Amino acid sequence: MPKLLAALALGAAALLLAPRADAAWPPLPWLVRDAAAPADHDAGLWVYGQVAAGFSGRFADAGDASRFDLGRAEVGLAWLGDAPDAGLVLQLDGVRSADPESLLGVDGNALVLTLSRAFGVVRGRLGDGAVTVTGRLGIVPDPFVAAAEEGYDLRAVASVLADSGGFFDRADLGAGVRVGLLDDAVTLDLAAMNGEGASQLELDDRLNVHAQLEVVPWRPRFLGGEGRLALVAAYRDGTRGAGGARDDRFAAAVTFTHPRLGVGVETALAWGFAQRGDRDALGVAAWVRGEIVPRYLGLYARYDWEDLDRAADDAVATRLHVGVTTDLPAPDGVLGRLRVFVGYRAERFGGSAGAVPGVTAASDADVVLVGIEAVGVAR
Amino acid sequence: MASLAALTACLPLAAGCDEASDPRAAWLAGTLAEDNLPFALREPASVLGKYRKMAADPYAFFRGTAAQFARDAVEPGGAGHFKTAYATADTASVLLVGDPHPENIGTFRPPDGALFVDFNDYDAARYGPYHLDVRRLATGFLVACEGLGARGDVDRDEVALAVGRAYAETILALAVGEPLPSAAAEADAGRIGHRLLKKAREDGQAREELDDYTLVAGNGRALADGVLEPPTVPGVVEDELAPVTAETRAFVDGLVARYQASLAAPRPAGFFRVKDVRRRLGAGVASYPLWRFYVLVEGEGDGPDDDVILEVKEVWDPLALAGLDLPRARAWGDNGERVVTAQRTLQGRADADPLLGWATAGAHAFRVRERTKFQRGFGVDELREKVAARDWRGADVVAFARLAGRLLAEAHARAPRLGGGDAATAIAAALHGDAAGFARETAAFAAVYRDQVLADHERFRDLLARDEHALLP
């Protein structure tokens, strides 16, 4: 309990001391999703990045612990051309070189940089430009993860369910085509990827095929920004591992995002999970974020519900995230922000969901975290 | 989406389509390929040899699939993900032997000469739920007994019960400070334990390891070369010493030089002067593809008769227990330190092997031990022979299972839990005084998982029969 109080006090102090931000925050991650430059972004060489670091106190019957984490460290280069309409994206992620329990890291367990995205993109327009066709090749972002992340803006706290729940890999070697209709109000993605994720050696000779439909029917302007209602559904026919274990997915998300608020529901259904072709899993996540006092005070909440083995009686794990944020202005010339956040996370496991079946207390935990996130784009 | 499935089904270049109709076979293939990937990239033939060894016998398959056992035990949907009534959050952070099974039991002789029996392989040692160790041990006994066929009078249910009951009774006694003679002591070893100790004493005193692995030429002794035992399974090295390159020799010399700092007690200067080095091939099942060197060192005196053989064996990560989010799980600097400190902590005598130590070279970690016949391991083949010949009866096997259960309980009780706290007290609290119930739960698990191992072994043989290269990258 003293650790909990100290963490809360630290977070409160960080909130009170944070200076006022004075720059509007646009929905940033267009680069992250697709380097085919939208018309309102200039061609050129862009640098983008996101770093999130924090301190957390974990309180559990299995043992309390506190630690500093580097939750996310990404830096990317994107060259965007307009004649031809093409681009190239290279992104590096900083990751620990060993799993939490592994002793086989690089120089202990050093942070290493990995090439997490490396793809080329070309875009053509048909007719009067109402139809666009975009092709990508290389280490490409997963289409559903990218779609679910658009406007999500809570990646420093937790990545979207599709990623954090192990349903999809963030990126993989492959190629994809996107067809956009009605000024991209309707987009269809088709992609073929290796299926092991960008950081694994390919052991499965089959390709994963991913089909996705996204509709953006409403883009209202209010509170000084543009809102975006998006509905996306995807299906993946996949296999994993040398045995070709079934790894199929259905996923869907409905989000409404705006620079000052966002709300979303995301679901993923797995037929075949963690190389077990006969294991089905289902996840649902709902999230909300909003600026109560613009730039001074934001709130977020997210609830994840995952049935990790649908054949079992009680294999449900839940996570509740709640927290507050405050933003600091970015340096001149950088489109971005510096955000401080203080949050709480409750992790609860059903009797068949944890590593020690029948002993939920071995897995349940309460986590308090204080973090800082820097994110920006510059040309 | 049937059309997508049909499209992707046309894409494979290698075997695998058939596995899709058997998810368990696909999982086996996928996880085995993943686990052995580093070795397959380094020396594909060594992994093929391991697979052939595993295919030849269900017990060898059991030994080679400890990582699959761990996945099954902790992952939702796993074939061994069964609830227990005898665990708490506190019992999830016990220092485990990691892979206790009958063939990982053997003899040791500390400097005072008091031979004893204990677990002899700590490559998989880590913190985790104690009952996984007990379940692994009980399952190992049942798989070992499976090879007995109709021979003998072994009551397999009683064997599995004996492991759990002896474990629980020992923990309950230790938790209340009840004085117990160590199960490792010779007087309590039973007929099978006595046989182990007798052979170890005879072969150790005769220094049989020098006869087996060295040659005397002129005034000097050198390690032998070539095949020492012919293969019993086609394509599997049984026992072979292979010469090393000058580069490897320098690598091993460096390891031996560095390892001396890890010894519990220093040795005289000159003891570790390296006289010869060979690569040992054919040992182990799970560790078959690992680098293992035999190093002949000078020993106490200059003559050839007191030369000592060291085994320098590569060690990798312990078994992964996905989802077990233990704080401070990286309790060791490297895997060599992990294995050696676990052995010194969990064994009945910290000085069981005075030459036990470790060394690292870049990302590689090695455990060093004395290769002496005083350290003799139990063999399932011998169990089969002795039971068939009626030299060992069912009661002897039950007594050995009881001994193993007691040894495991004593091991768990010796080390504090991760983050502190007495392990025996925590486990005893979880047992609620119900040794019989714990034994029944353990035996029930072992019976179910034994059947899973036997079925998986058949699947594995089918996989290899179709294409033994399918599990290589």
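Keep in mind it's a predicted model, so treat the numbers as computed, not measured.

Brief notes about the confidence of the model for chain A
Atom-level detail of predicted coordinates should not be read off regions where pLDDT is low.
Moving on, step 1. When pLDDT is averaged across chain A, the result is 86; 89% of the residues are at 70 or more.
Moving on, step 2. With pLDDT under 50 throughout, residues 10-40 of chain A is counted as low confidence; its partners more than four residues away or in other chains account for 68 contacts.

Regarding the packing of helix H3 (residues 23-35) of chain B against helix H7 (residues 66-74) of chain B
Residue and element names in this part refer to chain B.
Moving on, step 1. At a closest axis distance of 10 Å, the pairing of H3 and H7 adopts a crossing angle of 120°. Judged by the inter-axis angle, H3 sits oblique to H7. The two elements H3 and H7 cross, and the hand of that crossing is right-handed. Along the contact surface, H3 presents Arg 24, Trp 27, Leu 28, Thr 31, Leu 32, Glu 34 and Asp 35, while H7 presents Ala 67, Gln 68, Arg 71 and Asp 72.

Overview of the interface of chain A and chain B
Moving on, step 1. In this assembly, 47 residues from chain A lie in contact with 64 residues from chain B.
Moving on, step 2. Buried surface at the junction of chain A and chain B, summed over both partners, amounts to about 4,400 Å²; 59% is from carbon and sulfur atoms.
Moving on, step 3. Looking at the side of chain A facing chain B, the largest losses of area belong to A:Glu101, A:Leu103 and A:Arg276, adding up to 18% of the total buried there.
Moving on, step 4. Applying the counting criterion to the chain A and chain B interface returns three salt bridges.
Moving on, step 5. Inspection of the chain A/chain B interface yields ten residue pairs in polar contact (both at pLDDT 80 or more).
Moving on, step 6. Mapped by element, the contributors of at least two residues to the side of chain A that touches chain B are strand E11 (228-237) and strand E16 (276-293) of chain A.
Moving on, step 7. A total of four residues in the side of chain A that touches chain B trace back to one element, the largest contributor, which is E16(A).
Moving on, step 8. A per-class count over the side of chain A that touches chain B returns 22 nonpolar, 13 polar and twelve charged.

A word on the pairing of strand E3 (residues 86-96) of chain A
All names here are of chain A.
Moving on, step 1. In terms of strand pairing, strand E2 (residues 65-80) meets E3 through seven bridges, oriented antiparallel. Opposite Gly 76, over in E3, you have Gln 91 as the bridge partner.
Moving on, step 2. Of the pairings in the sheet, the one linking E3 to strand E4 (residues 111-126) comprises eleven bridges and is antiparallel in character. From the neighbouring strand, Leu 90 faces E4, where its bridge partner is Ala 118.

Re the pattern of salt bridges
Residues and elements named next belong to chain B.
Moving on, step 1. Enumeration according to the criterion identifies 76 salt bridges over all chains in this entry.
Moving on, step 2. The partner of Arg 63 in a salt bridge is Glu 103, and the shortest N-O contact between them spans 2.4 Å. Residue Arg 63 is located in helix H6 (residues 58-64), and its partner Glu 103 is located in the loop between strand E1 (94-96) and strand E2 (105-108); the two are separated by 40 residues in the primary sequence. Each member of the pair, Arg 63 as well as Glu 103, carries the same accessibility label: buried.
Moving on, step 3. Across the pair Arg 278 and Asp 276 runs a salt bridge, and its minimum N-O distance is 2.8 Å. With respect to class, Arg 278 is no different from Asp 276; both count as buried.

Reading guide: rules and limits
Residues numbered from 1 in each chain as written. Chains lettered and ligands numbered in written order. Predicted model: local features only at pLDDT ≥ 70, side-chain atom pairs only at ≥ 80, totals over all residues. Heavy atoms only, no water. pLDDT = per-residue confidence, 0-100. Contact = heavy atoms within 4.5 Å. Axes fitted to C-alpha atoms, helices over the stretch in contact; angles between N-to-C directions. Helix = DSSP H or I, 4+ residues; strand = E, 2+ residues; numbered from the N terminus. Parallel < 35°, antiparallel > 145°, perpendicular 65-115°, else oblique. Left-handed = near helix turned anticlockwise from the far one by under 90°. Buried area = accessible area lost by both parts, 1.4 Å probe. Salt bridge = Lys/Arg side-chain N within 4 Å of Asp/Glu carboxyl O. Polar contact = N/O pair within 3.5 Å; in protein donor to acceptor, adjacent residues only side chain to side chain. Nonpolar A, V, L, I, M, F, W, Y, C, P; charged D, E, K, R; others polar. Pairing = 2+ DSSP bridges. Buried < 20%, exposed > 50% of the residue type's maximum accessible area, 1.4 Å probe, protein only.

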